[in-house]
Amino acid sequence: MTHPRAKAAALRAIFEARGAQVVEPPILLSAETLLALYGEDIRGRAYVTTDALRGEQMLRPDFTVPVVQMHMAEGAEPARYTYAGEVFRRQELDPDRANEYLQVGYEVFDRANPAAADAEVFALMADVLAPLGLRAVTGDIGLLMAAVAGLSTSDRRRARLMRHIWRPRRFRSLLDQYAGRAPMPAQVDAESEAPLNGLRSAAEIEARLAALAEDAETPPIPSQEADGIGSLLKVQEKIPFAIEQLRDLSVDMPSIEQAVERLSARTEALRAQGVDVDQLDFEAGYGRTSMEYYDGFVFGFYAPTRADLPPVASGGRYDALTRRLGKGAEIPAVGAVLRPKLMMELEAAS
Amino acid sequence: MSLKLGVPSKGRLMEKTFDWFAERGVYLTRTGTDREYAGEITGVANMSLVLLSASEIPRELAGGRIHFGVTGTDLVTEKLPFWEQQVEVIAEMGFGQADLILAVPAAWRDVHTLDDLDDVAAQFRETHGMSLRIATKYHRLVREFLRTEGVADYTLVDSQGATEGTVANETAELIADITTTGETLRANHLKILSDGLILRSQATLWRSRTAEHVDRAIWDAFVNKLG
């Protein structure tokens, strides 16, 4: 039987043959970078180790961050990269999930035509996975972001909602508050005798009290707009019907028009790549609970008879991640990873 | 072979544990010198006593090296993922009650809820270029709680003792710690968030699910005596 490592090498060779440059990112990454990106949650999902010189290091939980860093530091444009190797995921909640497994990836950094780049990555994965008969699910985080950006409310409220796009529960409770459907928790102590300890200054407290007072005067988000977000998140259809529904929604929610057109352009690009888009599922809420910094197209490939398995492949667009790691620079980027060992298990079973 | 009972080796927790068992006709005593961690059990046959730090008892239970153990719910849930699979509650003992809570400086007039905290965390990061620091020794419980509640942009700073003092010392902006009466919090000018209760804890007698219970008779005799 083939070793998963050989399978990984073979997959990487396919991507290399399609024009990707092979890269070998380090296993140990600066914990500081990952913590700044993902917050404390990453500690629950990555292994941390230390040394006296470099401080905290993390065993790479994915390849995206080091590949982006490498590209931003020294890459030429446009670029296509491929890699194969282990990622390490600390498991605190599910003992059946692997804490170390192989990934093979393909990443595209290209400004020219985002729709075509999205389609290229998806079609390549679909191609490699075709013999396994997987079900693909697609989504687009850009739609929700556009809808939030278009809400008629204060900058402060839009910014708070935007920050929690990937945390559906808090997003929902904020939206309910801002739409006047749940009470605002704003409560303020008249005075406090306590001495002010710690780094947070009196000026910061006063500034937030002023912001809260202003926020209390902000009129609620009209229910039509709040409902619009709810309807948007419920869209779950084969892509052509999803686009139809989204176009209908955009009549009352013009802020999403451009995002819907991007989805439409991507769909045409997918069709041009030979993807059967009429049978391709679209879920507007897909990809919101992963910690990845996807902010546009998202997708995953699942084994229909094995709901217990994680996605065999997943990917998406992460323009914002390049902005955060690029120190001022940015480049549109999209990529995906495969799990060779899962592919082998499914091949053996079929 | 005898069955092993692990109990806290010092302080009020040990004394209360001894009292609790004594009320049920099981007598725990320390033997040897004051400093020697050895003890014995009378009133029930074939049980042996192991004196341990309360924080090590969860690990010993999970490893099956002791059959029964007394320690707080906080330590079991913090240290043992899937604790239900590794240990089972025999009795809640009614003492050692404590709440694991989030507390912020009382002078933060604008902060009362997790929603406020999350808002402050975003602003703090923007202003100071670093995440809001939460001092705690309960890393896993706090992280899981804040993830479920959707609070972001914070960092956990390890604090194994005198956690209430970290804010005044400027090594943290707020704390997640165990409190019973709230007096230490007040003395350190901290207040509890209204929805910041992470866990209610009390001293609990646990049974290890992983230890081999070789002699059912000893086991029954012990548990029946406590019933």
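Before going further, it helps to spend a moment on the confidence of the model for chain B. In this model, chain B carries an average pLDDT of 91, and 98% of its residues clear a pLDDT of 70 or more. Two numbers describe this predicted complex: its pTM, 0.85, and its ipTM, 0.82.

With that settled, consider the sheet that holds strand β2 (residues 28–30) of chain A. Residues and elements named next belong to chain A. Strands sit in the order β2-β4-β3 across an open sheet of three strands; the sheet is antiparallel. One side of each edge strand has no neighbouring strand; the edge strands of this open sheet are β2 and β3 (48–51). Adjacent strand axes in the sheet meet at a mean angle of 45°, parallel and antiparallel pairs treated alike. Alignment of β2 against strand β4 (residues 55–59), held across three bridges, turns out to be antiparallel. Bridge pairing links Ser30 to Gln57 in β4. Each of β2, β3 and β4 is contacted by helix α2 (residues 31–38), which is oriented at about 60° to β2, the strand it contacts most.

With that settled, the discussion passes to the sheet that holds strand β5 (residues 79–88) of chain A. Residues and elements named next belong to chain A. Spatially, β1-β5-β6-β12-β11-β10-β7-β9-β8 is the arrangement adopted by the nine strands of the open sheet, whose pairing is mixed. The open sheet has two edge strands with one neighbour each: β1 (21–22) and β8 (236–238). With six bridges connecting them, strand β7 (residues 135–140) and strand β10 (residues 297–302) associate as antiparallel partners. If you follow Arg135 over to β10, its bridge partner there is Tyr302. Each of β1, β5, β6 (100–109) and β12 (333–338) is contacted by helix α1 (residues 4–17), which is oriented at about 170° to β5, the strand it contacts most.

What follows is about the nonpolar core. Among the nonpolar cores identified, the biggest contains 82 residues, and Val121(A), Met125(A), Leu143(A), Ala147(A), Ile256(A) and Leu338(A) are the most heavily contacted of them. The greatest single-element share of this core, amounting to eight residues, is contributed by helix α4 (residues 114–129) of chain A. Formed jointly, this core draws a minimum of three residues from each of two domains, domain 1 (1–129 + 332–350) and domain 2 (153–189 + 201–222) of chain A. Among all residues touching Val121(A), those that are not within four sequence positions of it are Tyr106(A), Val108(A), Gly315(A), Val334(A), Gly335(A) and Ala336(A). In this structure, Leu117(B), Val120(B), Leu156(B) and Val167(B) belong to the second largest nonpolar core, which totals 33 residues.

What follows covers the packing of helix α5 (residues 141–149) of chain A against helix α9 (residues 223–234) of chain A. All names here are of chain A. Following both chains from N to C, one finds α5 and α9 inclined at 175°, their axes separated by 10 Å at the closest point. Classified by the angle their axes make, α5 and α9 are roughly antiparallel. Along the contact surface, α5 presents Leu143, Leu144 and Ala147, while α9 presents Gly228, Ile229 and Leu232. Across the contact of α5 with α9, the residue classes break down as five nonpolar, one polar and no charged.

Residue and element names in this part refer to chain A. One way to put it is that α5 packs onto helix α11 (residues 257–272) with a least axis distance of 8 Å and a crossing angle of 165°. When the axis of α5 is compared with that of α11, the two are roughly antiparallel. The element α5 and its partner α11 pack so that their crossing is right-handed. Two secondary-structure elements touch here, α5 through Gly142, Leu143 and Ala146 and α11 through Gln258, Ala259 and Arg262. Taken together, the residues that form the contact of α5 with α11 break down as three nonpolar, two polar and one charged.

With 30 residues of chain A in contact, the opposing surface of chain B contributes 33 residues. Counting only elements with at least two residues in the side of chain A that touches chain B, the list comes to α6 (155–163), α7 (168–178) and α8 (202–217) of chain A. The class makeup of the residues in the side of chain A that touches chain B is 10 nonpolar, seven polar and 13 charged.

Conventions used here
Residues numbered from 1 in each chain as written. Chains lettered and ligands numbered in written order. Predicted model: local features only at pLDDT ≥ 70, side-chain atom pairs only at ≥ 80, totals over all residues. pLDDT = per-residue confidence, 0-100. Pairing = 2+ DSSP bridges. Helix = DSSP H or I, 4+ residues; strand = E, 2+ residues; numbered from the N terminus. Axes fitted to C-alpha atoms, helices over the stretch in contact; angles between N-to-C directions. Contact = placed C-beta atoms within 7 Å. Core = buried A, V, L, I, M, F, W, Y, C linked by C-beta atoms within 7 Å. Buried ≥ 20, exposed ≤ 12 C-beta atoms within 10 Å, placed from the backbone. Domains from an automatic or database assignment. Parallel < 35°, antiparallel > 145°, perpendicular 65-115°, else oblique. Nonpolar A, V, L, I, M, F, W, Y, C, P; charged D, E, K, R; others polar. Left-handed = near helix turned anticlockwise from the far one by under 90°.

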